[in-house]
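The lines below spell out each chain.
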Amino acid sequence: MEVCCDLEVDVNGEETFMVDKNIIASYSGRLCKIFGKSKGTTSTLKVVFHDFPGGAECFELILRFCYNIGRTEITPSNITLLRCAAEFMEMESSLSGTGNLLEQTEKSFEEMRYWSWSELLMVLKQCQRLLPASESSGILERCLDSLVGRLAVTSEVSPCPSTSSPDSSGFRFSFDTKSTESLKTVFSRATWWFEDLLFLSPVLVEMFAKSMVSRKFDHALLSRFLVYYHKSKLYTASSGEKCRIVETVIDMLYVLDKTCVSCKSLFEIHRVALNLKINRSSRNKLENMIGSQLDRATLDNLLVPSPYGMNYLYDVNLVLRFLKAFLRGEFCQVSSMRLNKVATLMDLYIAEVAPDPYLKPSKFHALIVALPESARDSYDEIYRAADMYLEVHSGLSEEEKMKICSALNHEKLSAEAGIHLSQNTKFPSKSAVQALISQQFKLKSLLHATSNTKSCNGSLCRAIEVGNETKKDESVEQVVLYAGKLDLPSDNKNLRAHLQGMQWRVMELEKVCRKMQIQMAKIMKSRAPSQSHTRSLPRLCS
């Protein structure tokens, strides 16, 4: 057969091929349409392709197919190239009725389940290189489905395949006679595929993760892969690539069960994200995920430096956003244990930021009131932090000081803290009066509650209470009356002297409480039933 070269083909500017127009056109519907518009032309034609999938390498495979009368060997190493090129060239049939390349590649894809793991990865790499052609042709989706299907099978049959490679035909069940493997070994077996998939681009990782979620794959294992991918890829990635990697990992972690995502890993991702310009949506998702697990955080996690251009030491606004996310997630079913943990953490954080001379009173107040009062059993730590803050910010106005003091729950201050506050010249006088009144009423209610318990045993409790009720009532009445008549600006020194006198009365009442508690304990012990059941005494004094 005589072969001429009457067609010049420029492939993506990479290489130019001189080919026989009739031979190529007999297999390509696309070229037939082009040549149909140029009938009667005798000179050499030239066709320029700007977006030929796979470039010159792939076009050469097509030429071999055409010059070999519609026959070629299709393997996992070239199937993606041939399929994408066949769709681009519209090679659905030939003039001779043979050589349908699309049909041949489809038959080869039907044998995908027999491919080895390494062959499947090879095809997936080609799909990634041929985007978006491989996605539009459906090849990429089929490869990912096959990949996820194999991972799902291995996770269902056993924690891992019998070797580090999934090419092995058999799987080993976890109930081995030698089941003395360490947790580290089990973990490494469950994550054997992590390293193999690091070549995936952020686009493919997103598709892969979504496919895994749709297959109900283990969220904990998937989250570990995403974190591993994030750590591994950042070392060699450019600034722009880092943004895409971080955004993709955040977006995919966000769709997983929140309990399966490590709080420590989220803070590690957040540290990286601070130095990148990731989009606002991904940043909000990351902060919401961290906020939902704030009870698992540590003080070091929260001590994030303030953004560039800000004077204050730590990013207080970030912590406030974490708190909002935590409360928003717990609004419907508040767990007192989790609230208490977060309150303890916040007490440490507030104490850490209190000495910051640039921290505004409004921000300090916002940190204290961000959690409901029920979250704290004691406000002693908050009082100490406020004491430190007022010492550093001695120039605050009386109004600003009162706003900070208004965040204190005087009823949840211990006797020691209340007495200290009543003598603390850094606090407004009105706050000192409130603290002392609160302590007096607390003692009164505790004594009254004690007198009503069954364990009082009549005369002994009445004798103790009668002997001290007068002192208690007099003390309370004196504080209340004095507070009512007090002119704070003019009688400040008199107030301090009076409060010091009231302190001794409070301490006297505390001694009575302790003595009564000891006496009641002795009575209860002597009257305790022979059974092991006992009743706990009310705590009278802190």
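That block above? That's the structure.
In this text, all values refer to a predicted model and were calculated from it rather than measured experimentally.

Engineer: Would you mind going over the overall build of the protein chain with me for this structure?
Structural biologist: A tally of regular secondary structure across the protein chain gives 24 helices and three strands. The burial tally for the protein chain puts 44% of its 542 residues in the buried class. A fraction of 71% describes how many contacts in the protein chain between residues 6 or more apart in sequence connect residues 24 or more apart.

Engineer: Sorry, what's going on with the pattern of salt bridges here?
Structural biologist: Oppositely charged side chains are able to pair whenever their charged atoms sit close together. Tallying each qualifying case throughout the model produces 16 salt bridges. In this structure, the salt-bridge partner of glutamate 90 is lysine 33, at a minimum N-O distance of 3.1 Å. Here the residue glutamate 90 occupies a position in the loop between α4 (79-89) and α5 (101-109), and lysine 33 occupies one in helix α2 (residues 29-36), the gap between them amounting to 57 residues. Relative accessible area serves as the criterion here: at 29%, glutamate 90 is assigned to the partly exposed category. Linking arginine 321 and glutamate 287 is a salt bridge whose minimum nitrogen-to-oxygen distance equals 2.8 Å. Highlighted residues: arginine 321 in helix α16 (residues 316-329) and glutamate 287 in helix α14 (residues 280-292), separated in sequence by 34 residues. Judged by relative accessible area, arginine 321 falls into the partly exposed class, the value being 37%. Salt bridges sharing partners connect three or more residues here, namely Arg83, Glu87, Glu106 and Arg142.

Engineer: So what exactly am I meant to see when it comes to the pairing of strand β2 (residues 15-19) here?
Structural biologist: Side chains on a regular strand alternate between the two faces of the sheet. Note: strand β1 (residues 7-11) against β2, five bridges, orientation antiparallel. Bridge pairing in β2 places glutamate 8 opposite methionine 18. Joining the antiparallel neighbours β1 and β2 is a turn of three residues, in which asparagine 12 adopts a positive phi near 55°.

Parameters and conventions
- Sequence order as written defines the numbering, with residues in each chain counted from 1.
- In view of the model being predicted, local features appear only for residues whose pLDDT reaches at least 70, and side-chain atom pairs are presented and counted only at 80 or more, with totals across whole chains, interfaces and linings using the full set of residues.
- Only hydrogens and water are set aside when side-chain values are computed; all heavy atoms of the structure are taken into account.
- A helix here means a DSSP run of H or I that spans at least four residues, while a strand means a run of E at least two residues long, and both kinds are numbered starting from the N terminus.
- The buried label applies to any residue whose accessible area, calculated with a 1.4 Å probe on protein chains only, is under 20% of its type's maximum; exposed applies above 50%, and partly exposed to all values in between.
- Note on contacts: a residue pair qualifies if any of its non-hydrogen atoms lie within 4.5 Å across the two residues.
- One speaks of a salt bridge when a side-chain nitrogen belonging to Lys or Arg is within 4 Å of a carboxyl oxygen belonging to Asp or Glu.
- One bridge is not enough; two strands pair if DSSP finds at least two bridges between them.

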